[in-house]
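# Structural description and commentary
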Amino acid sequence: WGMAQCSPWMDLALATGFNMMCNHHLVDQMARTPPEARDYKLAEEAHAVYSQKFELFEEHLASSSSARWLAGDGARFSVADIPIGTELSRWSCAMERWGKDHEAGVAPALPRLPVLPGLRAYFQALQAREAFLEGCFNHERRHFSLAPLEPPAAVLLFGVKSY
């Protein structure tokens, strides 16, 4: 797809402040801070901002039964999917890490996870792309001390089966 169809999605990812408003706090708390020293209130606030920011992407993906990707008619992966796929990976890995730490008894219960059928399907489609798995997702998984995946393995959004 041409830049005219991709640029609005990339601009939205940058303009909505993922990197400053939620990404920094959630990644810092869940990937860089030991469980016993984490500020889970700050992490939960960052998670809430991620939930709010991804509503627009959910609406777009869920509004069409044929849209698999963001740009154009949604039929082809494009450069627009890279920044959104990266942020979705970070958010998912952070929540998966939190859930595993809770199961191990070193973290409080997960906050409420949003039901996002469009983004869940999108996340599965991203993981089916070996370049995404190796170039993005497995790096994020390692950063959050999660095991990398080998194709065709995939995890559900947030690493959980139900919400």
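Residues numbered from 1 in each chain as written. Predicted model: local features only at pLDDT ≥ 70, side-chain atom pairs only at ≥ 80, totals over all residues. Heavy atoms only, no water.

## Some points on the packing of helix α5 (residues 81-103) against helix α7 (residues 130-143)
Between α5 and α7, the shortest axis-to-axis distance is 9 Å and the interhelical angle comes to 35 degrees. Seen along the crossing, α5 lies across α7 with a hand that is right-handed. The residues of α7 that touch α5, namely those facing G85, T86, S89, R90, C93 and E96, are F132, C136, F137, E140 and R141. A breakdown of the residues in the contact of α5 with α7 according to their chemical character gives 4 nonpolar, 3 polar and 4 charged. (Axes fitted to C-alpha atoms, helices over the stretch in contact; angles between N-to-C directions. Helix = DSSP H or I, 4+ residues; strand = E, 2+ residues; numbered from the N terminus. Left-handed = near helix turned anticlockwise from the far one by under 90°. Contact = heavy atoms within 4.5 Å. Nonpolar A, V, L, I, M, F, W, Y, C, P; charged D, E, K, R; others polar.)

## Thoughts on α7
Over its 14 residues, α7 extends 19 Å from the first C-alpha to the last, a length consistent with the 20 Å expected when each residue adds 1.5 Å. A maximum bend of about 40 degrees is found in α7 at F137. In this structure, the buried residues of α7 make contact with α5 and α6 (117-127). Taken from the residues just after α7, S145 is the one with a positive phi, measuring 55 degrees. (Expected span 1.5 Å × (residues − 1). Bend = angle between axes of the 7 residues up to and from the residue.)

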